[in-house]
Amino acid sequence: MYDIIGDIHGCYQEMTELMKELGYELKEGNISHKEGRIPVFLGDLTDRGPNSLSVIYAVTHWVKNKQALYCPGNHCNKLYRYFLGRNVVVSHGLETTVAELEALTSKEFNHVSSLFRNLYESAPLYLQLDDGKLVVVHAGIRPDYIGKTSKKVKTFVLYGDITGEKHPDGRPVRRDWPSKYTYDCTVVYGHTPVKEPRFVGNTVNIDTGCVFGNRLSAFQWPETTIVSVPSQQPFVEEKFNRIDPH
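Here's what I pulled together on the structure shown here. (Residues numbered from 1 in each chain as written. Predicted model: local features only at pLDDT ≥ 70, side-chain atom pairs only at ≥ 80, totals over all residues. Heavy atoms only, no water.)

## Some details on the overall build of the protein chain
Per the secondary structure count, the protein chain includes six helices and 14 strands. Here the C-alpha radius of gyration of the protein chain, 17 Å, is about what a compact globule of 246 residues would show, namely 18 Å. Referenced to the eigenvectors of the C-alpha coordinate spread, the extents of the protein chain come out at roughly 50 × 45 × 35 Å. Within the protein chain, residue pairs in contact and separated by at least 24 positions form 62% of the contacts whose partners lie at least 6 positions apart. Surface exposure of the protein chain reaches about 11,500 Å², of which carbon and sulfur atoms provide 49%. In the protein chain, 28 side chains carry a positive charge and 29 a negative one; their mean positions are 6 Å apart. (Helix = DSSP H or I, 4+ residues; strand = E, 2+ residues; numbered from the N terminus. Rg over C-alpha atoms; globule rule 2.2 N^0.38 Å. Contact = heavy atoms within 4.5 Å. Areas by Shrake-Rupley, 256 points an atom, 1.4 Å probe, with all protein chains shown as cover. Lys, Arg positive; Asp, Glu negative; His and termini not counted. Charge placed at Lys NZ, Arg CZ, Asp CG, Glu CD.)

## Concerning the environment of Lys-180
Relative to the assigned elements, Lys-180 resides in the loop between β9 (172-174) and β10 (186-189). Note on Lys-180: relative accessible area 43%, which makes it partly exposed. Along the primary structure Lys-180 and Val-200 are separated by 20 residues, whereas in three dimensions their C-alpha atoms are 9.8 Å apart. Residues contacting Lys-180, with those up to four places away along its chain left out, are Asp-161 and Arg-175. (Buried < 20%, exposed > 50% of the residue type's maximum accessible area, 1.4 Å probe, protein only.)

## Regarding helix α5 (residues 106-122)
In an α-helix, one turn spans 3.6 residues, which is why side chains three or four residues apart end up on the same side. Helix length check: α5, at 17 residues, gives a terminal C-alpha distance of 24 Å against a target of 24 Å (1.5 Å per residue), a fit within 8%. Within the span of α5, buried status applies to Val-112, Ser-113, Phe-116, Leu-119 and Tyr-120. Each buried residue of α5 sits inside an arc of 135° when the element is viewed along its axis, so together they form one side. Exposed side of α5, more than 90 degrees from the buried face: Ser-106, Lys-107 and Ser-122 are the residues found there. Next to the buried residues of α5 lie α2 (52-64), β5 (69-70), α3 (74-83), α4 (94-102) and α6 (151-159). (Expected span 1.5 Å × (residues − 1). Arc of directions from axis to C-beta.)

## Some points on α3
Among the ten residues in α3, eight count as buried, and that is most of the element. Among all positions in α3, only Asn-74, His-75, Cys-76, Asn-77, Lys-78, Leu-79, Tyr-80 and Phe-83 are buried. Buried residues in α3 make contact with α2, β5, α4, α5 and α6. Following α3 by one or two positions, Gly-85 has its phi on the positive side, about 85°.

## Quick look at the sheet that holds strand β11 (residues 198-200)
Strand order in this open sheet of five strands is β6-β7-β10-β12-β11, and the pairing throughout is mixed. Edge positions in the sheet fall to β6 (127-129) and β11, since each of these pairs with one other strand and no more. Strand-to-strand twist in this sheet, taken as the mean axis angle between neighbours without regard to direction, amounts to 20°. Looking at chain direction, β11 and strand β12 (residues 203-205) are connected through three bridges and run antiparallel. Bridge pairing in β12 places Val-200 opposite Thr-203. (Pairing = 2+ DSSP bridges. Axes fitted to C-alpha atoms, helices over the stretch in contact; angles between N-to-C directions.)

## Points about the packing of aromatic side chains
One pair of aromatic rings is described through two measures. These are the centre distance and the angle between the planes. In the structure shown here, the tally under the stated rule is 13 aromatic pairs. With a centroid separation of 6.5 Å and 75° between ring planes, the pair formed by Tyr-181 and Tyr-183 is classed as edge-to-face. The class of Tyr-183 is buried, set by a relative accessible area of 8%. Plain terms: the ring middles of Phe-212 and Phe-240 are 6.5 Å apart, the flat faces sit at 85° to each other, and that makes the pair edge-to-face. Remark: Phe-240 occurs in the segment after β14 (225-230) and Phe-212 occurs in the loop between β12 and β13 (215-221); sequence separation between them is 28 residues. Judged by relative accessible area, Phe-212 falls into the buried class, the value being 10%. Its relative accessible area of 5% is what places Phe-240 among the buried residues. By way of ring pairs, the aromatic residues Tyr-145, Phe-156, Trp-177, Tyr-181, Tyr-183 and Tyr-189 are connected into one cluster. (Phe/Tyr/Trp six-rings, centres within 6.5 Å; stacked < 30°, edge-to-face > 60°.)

## Thoughts on unusual backbone geometry
Look at the link from Trp-221 to Pro-222: it is a cis peptide, with omega at 15°. Structurally, Pro-222 can be placed in the loop between β13 and β14. Non-glycine residue Asp-47 carries a positive phi angle of around 85°. Relative to the elements of secondary structure, Asp-47 occurs in the loop between β4 (38-41) and α2.

Written as structure tokens, this is what we have:
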């Protein structure tokens, strides 16, 4: 039994409220559920929100202690490259995480860097659960990519079905992949904020835009129910419903 939680983006308060709403007991940094349920985080733990480091500390601890599962998102990939010292542009939300990091001592910085790099390096690109009946992935996956981990698969998993083109505001043009494919399994993903969980065929987008003031949502498996808590962030209308129809 799994609770798949959408993009957190540093919204630590909402994450803990959702965990409690789902029936998890949070005690001394650990989590447990009387029914043995497991939370699954589908990437983009950090950036844009107010408490990215708190989210890193909590999720890395839970995953390390086998209390939760995780697969990375594009923001996770960028933060990982930042920690490696790569030349990444500190924008599109990374600047909020970097501001938190710059307030740390060098020892604290190295500790967070080590925690996150270990989390990222040990994480699968996406998760195949319940004997393959459930696939959890950050931005999406094609049916013929399931079970594969090539560079093309990684790009799709982290960024969605991008065309290589850009919108005037710099966003990549992304095809509406859920409407193009049929799946034998259920695919749960996030990445593109929607006001309500978006069900298309055997897919569901549960990124309900917490960091943009809407809600933080979880998809419960095998029940296929949604549990949400309201966001504490300011609502930003223009961040929603930005899916390209083609």
